[in-house]
Amino acid sequence: DGGITQSPKYLFRKEGQNVTLSCEQNLNHDAMYWYRQDPGQGLRLIYYSQIVNDFQKGDIAEGYSVSREKKESFPLTVTSAQKNPTAFYLCASTTGIGDTQYFGPGTRLTVL
Amino acid sequence: DQQVKQNSPSLSVQEGRISILNCDYTNSMFDYFLWYKKYPAEGPTFLISISSIKDKNEDGRFTVFLNKSAKHLSLHIVPSQPGDSAVYFCAANLGGGGTSYGKLTFGQGTILTVHP
């Protein structure tokens, strides 16, 4: 089955710790994206990558970092510099220009 | 600066009636628009899209209308079913290539509740 997987589904972290969220796709999509959703708000773009070994900051990149070493994988690290990390994180991918983005199931991160 | 806005946080509709969800945008460079449906604690699911060269696109019970002069799009669901109850997001895509292509800008979402 082709799709996007995110793990874990729920993640808890102590304040001051870095944590990495996984995103894997087997759709052979070139572009991948990370969004954050907060209650009552839309999805806000954190980082995106259009090809391997290249990525761009989105609208709210501060306190986050990414890597794109493989086409299938786009992990997101939430660093201790992110002031309000508790949120629902969504990964998406697409084949390219104008194409529909397909989303993974999401990871809910809670900072204790 | 909210470039894509869904001004109605919620909408309540009776089963069998029409649901109309609205979305406004400010950036005239957007050339592709999408609607997503989302259940709590799940990723959004693509519903329907429309290119800026069209003013209407239909897919079963779902129809999206685009009014470029008004910078407004709407999603019509007819007939509405209880299973349609979810949060609906509109999104817009910039065209023209460059580093901005493929990026989606999302509205805040509208919670649709369809009562049996």
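Whatever comes next refers back to the structure up there.
Asks: Mind laying out the interface of chain A and chain B, listing which residues take part and the relevant values?
Replies: A common way to report how large an interface is uses the accessible area buried once the components associate. Listed by partner, the interface residues are 23 residues for chain A and 21 residues for chain B. Taken over both partners, the interface formed by chain A and chain B buries close to 1800 Å², and the fraction arising from carbon and sulfur atoms is 58%. Counting every contact that joins chain A to chain B gives 0 salt bridges. Our enumeration of links across chain A and chain B arrives at 4 residue pairs in polar contact (both at pLDDT 80 or more). Going through the elements one at a time, strand S4 (31–37), strand S5 (43–51) and strand S9 (87–94) of chain A are the ones with two or more residues in the side of chain A that touches chain B. Considering each element in turn, the side of chain A that touches chain B owes the most residues, 4 residues, to S5 of chain A. Tallied by class, the residues present in the side of chain A that touches chain B amount to 10 nonpolar, 11 polar and 2 charged.

Asks: Tell me about the side chain of Gln 37 of chain A, and please be specific about residues and values.
Replies: Here Gln 37 of chain A is to be found in strand S4. Gln 37 of chain A gets classed as buried once you look at its relative accessible area, which sits at 14%. Other than its neighbours up to four places away in sequence, Gln 37 of chain A contacts Gly 42, Leu 43, Ala 87 and Phe 88 of chain A together with Lys 38 and Phe 89 of chain B.

Asks: Go over the pattern of salt bridges with me, naming the residues and quoting the values.
Replies: Residues and elements named next belong to chain A. Evaluated as defined, the whole model comprises 5 salt bridges over all chains. Residue Lys 71 is joined to Asp 30 by a salt bridge in which the shortest nitrogen-to-oxygen separation is 3.3 Å. Note that Lys 71 is positioned in the loop between strand S7 (64–66) and strand S8 (76–78) and Asp 30 in the loop between strand S3 (19–25) and S4, a separation of 41 residues in sequence. Note on Lys 71: relative accessible area 24%, which makes it partly exposed. Residues Arg 36 and Asp 38 are paired through a salt bridge, measuring 2.8 Å at the closest nitrogen-oxygen approach. Each member of the pair, Arg 36 as well as Asp 38, carries the same accessibility label: buried.

Asks: An account of the sheet that holds strand S3 (residues 19–25) of chain B is requested, with residue identities and associated values reported.
Replies: The strands making up a sheet associate through hydrogen bonds between their backbones, and the pairing can be parallel or antiparallel. Residue and element names in this part refer to chain B. One open sheet holds the 5 strands; their spatial order is S1-S3-S8-S7-S6, and the pairing between them is antiparallel. Unpaired on one side and paired on the other, strand S1 (4–5) and strand S6 (56–59) mark the two borders of the sheet. Looking at chain direction, S3 and strand S8 (residues 72–77) are connected through 6 bridges and run antiparallel. Along S8, the bridge assignment pairs Asp 24 with His 72.

The rules behind these values
The residue count restarts for each chain, going from 1 along the sequence in the order it is written. Starting at A for chains and at 1 for ligands, labels are handed out in the order in which the entities are written. Local features in a predicted model are, by the rule used here, given only for residues with pLDDT of at least 70; side-chain atom pairs are given and counted only at 80 or more, and totals for whole chains, interfaces and linings are based on all residues. Here the side-chain values reflect all heavy atoms present in the structure, with hydrogen atoms and water set aside. Throughout, a residue-residue contact means that at least one pair of heavy atoms, one from each residue, lies within 4.5 Å. Note on terms: buried area is the combined drop in 1.4 Å-probe accessible area of two parts once they are placed together, counting the loss on both. One speaks of a salt bridge when a side-chain nitrogen belonging to Lys or Arg is within 4 Å of a carboxyl oxygen belonging to Asp or Glu. By the criterion applied in these results, polar contacts are pairs of N or O atoms within 3.5 Å in which, for protein atoms, one can donate a hydrogen and the other can accept it, and in which residues neighboring in sequence qualify only through two side-chain atoms. The helix count covers DSSP runs of H or I at least four residues long, the strand count covers runs of E at least two residues long, and both are numbered beginning at the N terminus. The classification used treats Ala, Val, Leu, Ile, Met, Phe, Trp, Tyr, Cys and Pro as nonpolar, Asp, Glu, Lys and Arg as charged, and all other residues, Gly among them, as polar. Whether a residue is buried, partly exposed or exposed follows from its accessible area with a 1.4 Å probe, protein chains only, as a fraction of its type maximum: under 20%, in between, or over 50%, in that order. The pairing criterion for strands is at least two bridges between them, as found by DSSP.

Geometric values such as these leave the question of function open.
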